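One letter stands for each residue in the lines below.
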Amino acid sequence: MARRKFTRRSWSREEDELIDGHVRALADGRYPDRTAAARACARDIERLYASLIARDPNHHLATRERPFASLVQRLVVRSKALGLKWTSTFLTPTEEKVIGRYVRALVNGRYHDSAEAARACMSELRGSTDAGRLGTMKFQGVWRRIYNRASRLNRPWARRLWSKEDSRVVERYARAVVAGRYSTAMLAAQACREELGRARGLRRPARPLRAVLSRLLGLTRAMGLEKCHRWTKAEREVLDRYLRALYAGSFPHVRPAAEACAAEMRRLFGRSGEGIGDTHSEERHTVGAVFHAMIHASMRLRLPRWRGALAFLEGRLYEKYARATAVGQYADALQAAVVCRDEVSRIYSRVGARSPLHVPKAAPRLLAATQRGIVNAAARLKLQYPGRRWQPAEERIFDGWLRWYSRYRRVRRLQPLVQAANGLSDDLAKAGYRRTPRACQSRLVVLRRKMM
């Protein structure tokens, strides 16, 4: 059965009602763009979640914030469902005619490239802004429309058209790459671009480097040049050995393992001109090449790694132990991290034993990393747990009681420290925060000493 990497949550009726209101406001022109409407909608949804949590602290919907990109996408879906259009997304009839005229001028050779046509089109659009447009279209949008429409006509313009002279020049450099006169295709593309620029003269700008490189790589592949050789069986065995040592805990993370593996590969298989005498083999023995090979191998073998295929499982465990700490099952996040790390290690050891690499016992996560994961999960779920940092709203309430304690701390009959700690704990509870009187008392004493 396919494994789910995330939990998809349906949008509730209350959320859709808020989103529909902002979609209508966007269509009426009360927001400059869709992002501004999404930000305003996100603030309303945050207030909705706060009211839901006030009624149910473990509400299934309000305990996890939605990604901002998901909210923007929902605005698009609801606008289509309601049949509403945002004027700035679509061209008005006058703009359609203007842009169409410049597209035809570009393919007919009046402009050298799409950027030149877009600049001329922008000057005309600024002079005649249509009714319904909230502001002048941005240059990037005009350029993209002209480029896409001209491309669909299948009539290459000057910058896209490769003449016979230009084709002969780039073919000559492609043969030079295949013959080995250039160590990389990028160096050949830079030299080719300079020669093409000199041939064109100063009247027209040179072609973009990425366009020259793309055509050069296409020609070299057509000439039979292999882009990169496969790793040999001996190299793969060395790589797997260091990957196994990495997951067994011999290295703290991937980079030191890649450095040690690259050093051994250079010693065993030599550099270009030595050993096997393969220039591509030398490229495979660099630290960067070994590093990326290890990352791809862990993805292929489905081994646990940071933000990898099993990261969602760690996130579930972090949320589980964050909730357990919030209800008092653990003294603090550090104590919960010890138990959580053991559970993560057991799961990863089972996964590693079943993998083709056969890692019987995966090294545990760092305790500090596990604690940080639990703390971040608690913050994401807006949970209160022992030992957490004081929030700005708590600090404001604390400052008032610290001033009161500083003023009356010498009046012994009032028991100022006990009274201030109890009052601070009660005021924090009214604001929705949980701090014990003992924790409040300790912080009052420490901060009072710092003031002195």
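Use the structure listed above.
Conventions and cut-offs
Each chain has its residues counted from 1, following the order in which its sequence is written. Given that the model is predicted, a residue must reach a pLDDT of at least 70 before its local features are reported, and side-chain atom pairs must reach 80 or more before they are shown or counted; all residues, however, enter totals for whole chains, interfaces and linings. Where side-chain values are given, they derive from all heavy atoms of the structure, hydrogens and water being excluded. Each helix is a run of DSSP H or I of at least 4 residues and each strand a run of E of at least 2, with the numbering of both proceeding from the N terminus. Accessibility here uses a 1.4 Å probe with only protein chains present; expressed as a share of the type maximum, an area under 20% marks a residue as buried, one over 50% as exposed, and anything in between as partly exposed. Residue burial considers only the protein chains on display, and all accessible areas are found by Shrake-Rupley using a 1.4 Å probe. Classification of ring pairs uses Phe, Tyr and Trp, with its six-membered ring standing for Trp, and accepts pairs whose centres are within 6.5 Å; under 30 degrees between planes counts as stacked, over 60 as edge-to-face, and the remaining range as tilted. By the criterion adopted, a ring carries a charge over it if an Arg CZ or a Lys NZ lies within 6 Å of its centre and within 35 degrees of its normal. Whenever Lys or Arg places a side-chain nitrogen within 4 Å of a carboxyl oxygen from Asp or Glu, that contact is recorded as a salt bridge. Given the number of residues in a helix, its expected span is that number minus one, multiplied by 1.5 Å. Lines are fitted to the C-alpha atoms to define the axes, a helix being fitted only along its stretch in contact, and any angle between axes, read from their N-to-C directions, falls within 0 to 180 degrees. Oblique is the label for every angle not falling under 35 degrees (roughly parallel), over 145 degrees (roughly antiparallel), or within 65 to 115 degrees (roughly perpendicular). For any pair of crossing helices, the crossing counts as left-handed if the nearer helix is rotated counterclockwise from the farther one by less than a right angle, and right-handed if it is rotated clockwise. For this analysis, residues touch if any pair of their heavy atoms sits within 4.5 Å.

## Thoughts on the overall build of the protein chain
When its secondary structure is counted, the protein chain shows 19 helices and zero strands. Residues counted as buried form 38% of the 452 residues belonging to the protein chain. Only carbon and sulfur atoms are counted for the fraction: they give 52% of the accessible area of the protein chain, which is about 27,500 Å².

## As for the packing of aromatic side chains
Think of a pair of aromatic rings as described by two things: how far the centres are apart, and how the planes are tilted against each other in angle. Summed over the entire model, instances satisfying the criterion amount to seven aromatic pairs. Each ring, one from Y242 and one from F251, has its centre 6.2 Å from the other, and the planes form 35°; the classification is tilted. Linked through ring pairs, W401, W404 and Y408 together constitute an aromatic cluster. Residue placement shows R66 over the ring face of W11; its charged tip is 4.0 Å from the ring centre.

## Examining the pattern of salt bridges
Scanning all chains against the criterion turns up 12 salt bridges. Residue E15 is joined to R66 by a salt bridge in which the shortest nitrogen-to-oxygen separation is 2.9 Å. Placement of the pair is E15 in helix α1 (residues 13–27) and R66 in the loop between α2 (34–55) and α3 (68–82), with a sequence separation of 51 residues. Accessibility assignment for this pair places E15 and R66 in one class, buried. In this structure, R47 engages D44 in a salt bridge whose closest nitrogen and oxygen atoms are separated by 2.2 Å. Placement of both R47 and D44 in helix α2 is noted, with a separation of three residues, approximately one turn of the helix. Connected via shared salt-bridge partners are R13, E14 and E17.

## Here we look at the environment of S70
With respect to the helices and strands, S70 occurs in helix α3. Taking relative accessible area as the criterion, S70 reaches 27% and is therefore assigned partly exposed. Expressed as a C-alpha distance, the spacing of S70 and A38, which sit 32 residues apart in the sequence, is 9.8 Å.

## Structural notes on helix α4 (residues 93–107)
With 15 residues, α4 ought to run about 21 Å at 1.5 Å a step, and its terminal C-alpha atoms sit 22 Å apart, in line with that. Inspection of α4 places E95, V98, I99, G100, Y102, V103, A105, L106 and V107 among the buried residues, and these make up the whole buried set. Trailing α4 by a residue or two, G109 shows a phi angle of about 95°, which is positive.

## Topic: helix α10 (residues 233–248)
For α10, spanning 16 residues, the distance from its first C-alpha to its last is 22 Å, which sits close to the expected 22 Å at 1.5 Å a residue. Immediately beyond the C-terminal end of α10, within one or two residues, lies G249, with a positive phi of roughly 100°.

## Some remarks on the packing of helix α7 (residues 164–179) against helix α9 (residues 209–222)
Where α7 meets α9, the closest approach of the two axes is 9 Å, and the angle between their N-to-C directions is 60°. Accordingly, the angle class assigned to the pair α7 and α9 is oblique. Crossing of α7 over α9 shows right-handed handedness. Each of S167, V170, E171, Y173, A174, V177 and V178 in α7 lies in contact with α9, whose residues at this interface are R215, L216, L219 and T220.

## Section: the side chain of E264
Mapped onto the fold, E264 is located in helix α11 (residues 254–269). The exposure class assigned to E264 is buried, which follows from its relative accessible area of 11%. With sequence-adjacent residues up to four places away left out, E264 is seen in contact with V238, R241 and Y242.

## Overview of the packing of α1 against α2
In the contact formed by α1 and α2, the axes pass within 10 Å of each other and the chain directions differ by 150°. Between α1 and α2, the crossing angle belongs to the class labelled roughly antiparallel. Seen from above, α1 lies across α2 with right-handed handedness. Where α1 approaches α2, its residues E14, E15, L18, I19, H22 and L26 are matched on the opposing element by R34, A37, A40, C41, D44, I45, L48 and Y49.

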